[in-house]
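Summary of structural features
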Amino acid sequence: MIVFDLKCGSGHVFEAWFGSSPDYEDQRSRGLVDCPICGDRSIEKAVMAPAVAAKSNQHAPVSPAAMKAAMAALAAAQSKALEGSEWVGSSFVNRARAMHAGEEDHAPIHGQATVEEAKALVDDGVPIAPLPLPVVPPDACN
């Protein structure tokens with residue numbers, strides 16, 4: 001079975017089911033299809049919106065409880081990854097350069113740097129690594 005949106009000469013749009021597209025054409029040509037509103041037999045197919053299936057990569061919304069659990073797991077992973085490292089905030093670039101130059105003892109630190117600052121550190125041979133997790137500054141946790 002196939003459904004068509006049909007339109008009569010008076011402009012009424014209605015839906016009708018047929019066994020196939022040739023069945024529709026046959027019935028229309030023999031005058032067997034008429035408008036259920038006004039009885040007009042000058043029927044044409046109306047413009048139809050295509051039936052588009054939902055994307056297969058879409059997922060159901062995440063529940064608030066699941067989101068909370070995911071955020072807790074992320075916080076735990078961040079805490080584990082930064083264990084033994086000192087948060088130095090915006091002084092990260094200066095501290096990393098000082099350690100690299102031998103002006104300061106080497107120690108595990110983490111902090112903030114712009115993309116440009118991080119690229120400059122790498123270009124200058126300062127060993128840094130971006131953190132794969134979003135780092136929440138300690139003062140933001142209060």
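For the structure given in this document, a descriptive report is provided here. Bear in mind that the values here come from a model prediction, so they are computed numbers and not experimental data.

Okay, the nonpolar core next. Listed in full, the 10 residues of the largest apolar core are Phe-4, Leu-6, Cys-8, Phe-14, Ala-16, Phe-18, Tyr-24, Val-33, Cys-35 and Ile-43. Those elements that provide at least two residues to this core are strand 1 (2-8) and strand 2 (13-18). Apart from the residues within four sequence positions on either side, Tyr-24 is in contact with Phe-4, Leu-6, Phe-18, Ile-43, Glu-44 and Lys-45. By size, the runner-up hydrophobic cluster in this structure holds 8 residues, among which are Val-88, Phe-92, Met-99 and Ile-109.

Looking now at the packing of aromatic side chains. The geometry of an aromatic ring pair comes down to the distance between the two centres and the angle between the two planes. All told, the structure shown has 3 aromatic pairs when counted by the stated rule. Judged by centre distance (5.3 Å) and plane angle (55 degrees), the ring pair of Phe-4 and Tyr-24 falls under tilted. Residue Phe-4 is found in strand 1, and its partner Tyr-24 is found in helix 1 (residues 21-29); the two are separated by 20 residues along the sequence. Ring geometry for Phe-18 and Tyr-24: centres 5.2 Å apart, planes at 70 degrees, overall edge-to-face.

Turning our attention to the pattern of salt bridges. According to the stated counting rule, one finds 6 salt bridges in the structure shown. Taking the shortest distance from any N to any O, the salt bridge between Asp-26 and Arg-30 comes out at 3.3 Å. By relative accessible area, which is 54% here, Arg-30 ends up exposed. A salt bridge links Glu-44 to Arg-28; the nearest nitrogen and oxygen atoms lie 3.8 Å apart. In this pair, Glu-44 sits in strand 3 (residues 43-45) while Arg-28 sits in helix 1, placing the two residues 16 residues apart along the sequence. Put simply, Glu-25, Arg-28 and Glu-44 are held in one network by salt bridges that share partners.

This paragraph deals with the packing of helix 3 (residues 92-100) against helix 4 (residues 115-123). One way to put it is that helix 3 packs onto helix 4 with a least axis distance of 11 Å and a crossing angle of 5 degrees. Taken together, the axes of helix 3 and helix 4 are roughly parallel relative to one another. In this structure, helix 3 uses Phe-92, Val-93 and Arg-97 to contact helix 4, whose residues at the interface are Glu-117, Ala-120 and Leu-121. Taken together, the residues that form the contact of helix 3 with helix 4 break down as 4 nonpolar, no polar and 2 charged.

Cut-offs and rules
- Counting of residues starts from 1 at the beginning of each chain's written sequence and follows it residue by residue.
- Per-residue local features of the predicted model are confined to residues with pLDDT of at least 70, and side-chain atom pairs are confined, for both listing and counting, to 80 or more; whole-chain, interface and lining totals are unaffected and use all residues.
- Heavy atoms throughout the structure, all of them, feed into the side-chain values; hydrogens and water do not.
- Joining through side-chain atoms within 4.5 Å is the link that ties buried Ala, Val, Leu, Ile, Met, Phe, Trp, Tyr and Cys residues into a set, and such a set is a nonpolar core.
- The buried label applies to any residue whose accessible area, calculated with a 1.4 Å probe on protein chains only, is under 20% of its type's maximum; exposed applies above 50%, and partly exposed to all values in between.
- Counting from the N terminus, the helices are the DSSP runs of H or I reaching at least four residues and the strands are the DSSP runs of E reaching at least two.
- Residue contacts are defined here by distance: any two heavy atoms, one from each residue, within 4.5 Å place the two residues in contact.
- Geometry of aromatic contacts follows a simple scheme: Phe, Tyr and Trp rings, the Trp one being its six-membered ring, pair when their centres are within 6.5 Å, and the pair is stacked under 30 degrees between planes, edge-to-face over 60, tilted otherwise.
- A pair is scored as a salt bridge if a Lys or Arg side-chain nitrogen falls within 4 Å of a carboxyl oxygen belonging to Asp or Glu.
- Structural elements are reduced to axes, namely lines fitted to C-alpha atoms, with helices fitted over the stretch in contact, and the angle between N-to-C directions of any two is expressed from 0 to 180 degrees.
- Angle categories are assigned with fixed cut-offs, so that under 35 degrees is roughly parallel, over 145 is roughly antiparallel, 65 to 115 is roughly perpendicular, and the rest are oblique.
- Residue polarity follows a fixed list, in which Ala, Val, Leu, Ile, Met, Phe, Trp, Tyr, Cys and Pro are nonpolar, Asp, Glu, Lys and Arg are charged, and the others, Gly among them, are polar.

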